[in-house]
Amino acid sequence: MRRSSRRCSGIGVVPATKPKAGLGLREPARSGGARRGHRGVAPAVRARQPLGLEEVPMLLPHRQPLRAIRRTKGEEAKKHQSSGGEALPRGIVHGTSNLEMVSIVGDPEKQHGGRPSSKSLLAIPVGIKNKAAVDKLVSKFPADRFTLVLFHYDGAGEEQWDDLEWSRRAVHVSARGQTKWWFAKRFLHPDVVAEYDYVFLWDEDVEVDAFDPVRYLDVVRREGLEVSQPALDRRSEIHHGITARALLRRPGVQGGSGDVHRRFYKAASTLGGGGGCDDSSTGPPCAGWVEMMVPVFSRAAWRCSWGMVQNDLVHAWGLDYKLGYCAQGDRTLKVGVVDSEYVLHGASYARRNRRQGRGFPGRGEEAIAR
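Residues numbered from 1 in each chain as written. Predicted model: local features only at pLDDT ≥ 70, side-chain atom pairs only at ≥ 80, totals over all residues. Heavy atoms only, no water.

A few words now on the overall build of the protein. Along the protein, the regular secondary structure elements total 8 helices and 12 strands. Burial status across the protein gives 39% buried among its 370 residues. Nonlocal contacts in the protein, meaning residues at least 24 apart in sequence, comprise 71% of its contacts between residues at least 6 apart. Within the structure as shown, the protein displays about 21,300 Å² of accessible surface, and the carbon and sulfur contribution to it stands at 51%. (Helix = DSSP H or I, 4+ residues; strand = E, 2+ residues; numbered from the N terminus. Buried < 20%, exposed > 50% of the residue type's maximum accessible area, 1.4 Å probe, protein only. Contact = heavy atoms within 4.5 Å. Areas by Shrake-Rupley, 256 points an atom, 1.4 Å probe, with all protein chains shown as cover.)

Below, the structure written as structure tokens:
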């Protein structure tokens, strides 16, 4: 059989017996008007684009026709696996964390195997001058139920607190001259504290003689509170009447335990004509409101509230009026003040009031448990 002089169809290269320069291009028509299909002369065809690197023709042994060598699907898959394109193993990605201590030796899972399933977080800004008050406050919170974080705003580090029994289990963060909310925004991200049921973000000048944190959380859970605070002893430095401890239950109110109040009553005349607080009030400072000195947030409420803390927030003025948006429902029901567990805020102010015989609230101002 006569050897064909035509090019191999579909590959776009010259015969193996007579390779031409310029791989991937057909030979242009000869000049002189050669007849189409004349022996030894290739028909005039349009030049093709050069092949990609993976399709460069190769001359196979034994004078076989040229073929374009392509990667198989299996080779492509192997290529992606070797370059890290495969999926990560299940369970290797953790989107949340916690503030639990982990030893540098031993098995971390065994270290925390006995940790209670329900645990909360206590975070306090502290200065070394208030060391005794902080010691008394922290000692009220059981170590097996609460993780402790201290924000040192005066530059005094962990070493100056080491003589306290609980100091070594606390997380110490130091930044001179910063406030509680500056620390909270940067170190209490919701994903970092996601394992804790509640976040206590308290001031340091709080006396807790009449406060039990475990009983407090029992009341919070029973009452369905997402944002709360312990009531303030009436000897405290009180700026808003709704935070004062309620001494009365409103007559005729059904279903209340007397442990919590959610609204504040005040006659309009005592507000200088600006309106009072009554049953029709649905927002702060009459209902659904807590102050920023000793707030307690549920996990969901803290995730929402953290987002509202701006990076340059210093004293959180005005933030308390917006916390109702994070109540996970009706703020008049989900935000409340716990009267059965109360604290004394501003001890020096309270001692001065006792000497002067002063108290709060005034006539016509009353928070009623309901």
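Under the criterion given, the structure shown has 2 disulfides. A sulfur-sulfur separation of 2.0 Å characterises the disulfide bridge that pairs Cys277 with Cys286. With the S-S bond torsion at -60°, the cross-link from Cys277 to Cys286 turns out left-handed. The same class applies to Cys277 as to Cys286, namely buried. The disulfide partner of Cys304 is Cys326, and the S-S distance across this bridge is 2.0 Å. Residues Cys304 and Cys326 are joined through a disulfide that is left-handed, its torsion about the S-S bond being -65°. Here the residue Cys304 occupies a position in helix 6 (residues 299-308), and Cys326 occupies one in the loop between helix 6 and helix 7 (331-334), the gap between them amounting to 22 residues. For the protein, the bonded cysteines pair up as 1-2, 3-4 when numbered in the order they occur along the sequence. (Disulfide = S-S within 2.5 Å.)

Further remarks concern the nonpolar core. Core analysis: the biggest nonpolar cluster contains 34 residues, and Phe141, Leu150, Trp166, Phe200, Trp202, Phe211 and Tyr216 have the highest contact counts within it. Of all elements in the fold, only strand 1 (120-126), helix 3 (131-138), strand 2 (146-152), strand 4 (198-201), helix 5 (213-223) and strand 11 (335-345) reach the threshold of two or more residues within this core. Looking at this core element by element, the count peaks at 4 residues for helix 5. Ignoring sequence-local partners within four residues, the contact set of Phe211 consists of Lys140, Phe141, Phe200, Trp202, Tyr216, Pro230, Glu341, Tyr342 and Val343. Val193, Val199, Ala301 and Ala327 belong to the second-largest nonpolar core, a separate cluster that totals 30 residues. (Core = buried A, V, L, I, M, F, W, Y, C linked by side-chain atoms within 4.5 Å.)

The next point concerns the packing of aromatic side chains. Evaluated as defined, the whole model comprises 16 aromatic pairs. Taken together, a centroid distance of 5.7 Å and an interplanar angle of 55° make the contact between Phe200 and Trp202 tilted. Put simply, the rings of Phe141, Phe146, Phe200, Trp202, Phe211 and Tyr216 touch in pairs and so form one group of aromatic residues. Seen from the ring of Trp306, Lys185 lies directly overhead, with NZ or CZ sitting 3.6 Å from the centre. Its end group placed over the ring of Tyr325, Arg331 keeps NZ or CZ at 5.6 Å from the ring centre. (Phe/Tyr/Trp six-rings, centres within 6.5 Å; stacked < 30°, edge-to-face > 60°. Lys NZ or Arg CZ within 6 Å of the ring centre and 35° of its normal.)

Of the residues making up helix 4 (residues 180-187), those classed as buried are Lys180, Trp181, Phe183, Ala184 and Lys185. Looking at the buried residues of helix 4, the elements they touch are strand 1, strand 2, strand 3 (171-174), strand 4, strand 10 (296-298) and helix 6.

One pass over the full model with this rule turns up 14 salt bridges. Linking Lys119 and Glu100 is a salt bridge whose minimum nitrogen-to-oxygen distance equals 3.1 Å. Taken together, the residues Lys119 in the loop between helix 2 (108-111) and strand 1 and Glu100 in the loop between helix 1 (73-82) and helix 2 connect sequence positions 19 residues apart. For the pair Lys119 and Glu100, one class covers both residues: buried. Put simply, Arg303 and Asp191 hold a salt bridge, and the shortest N to O gap is 2.8 Å. In this pair, Arg303 sits in helix 6 while Asp191 sits in the loop between helix 4 and strand 4, placing the two residues 112 residues apart along the sequence. For Arg303, a relative accessible area of 41% puts it in the partly exposed group. For Asp191, a relative accessible area of 26% gives the class partly exposed. (Salt bridge = Lys/Arg side-chain N within 4 Å of Asp/Glu carboxyl O.)

A separate point is the pairing of strand 11. The element strand 11 is largely enclosed, with a buried count of 10 among its 11 residues. Two elements, strand 5 (residues 206-207) and strand 11, share 2 bridges in a ladder whose sense is antiparallel. When the sheet's bridge partners are listed, Val206 is paired in strand 11 with His345. As defined by bridge partners, strand 6 (residues 227-232) adjoins strand 11 across 6 bridges and the pair is classed as parallel. (Pairing = 2+ DSSP bridges.)

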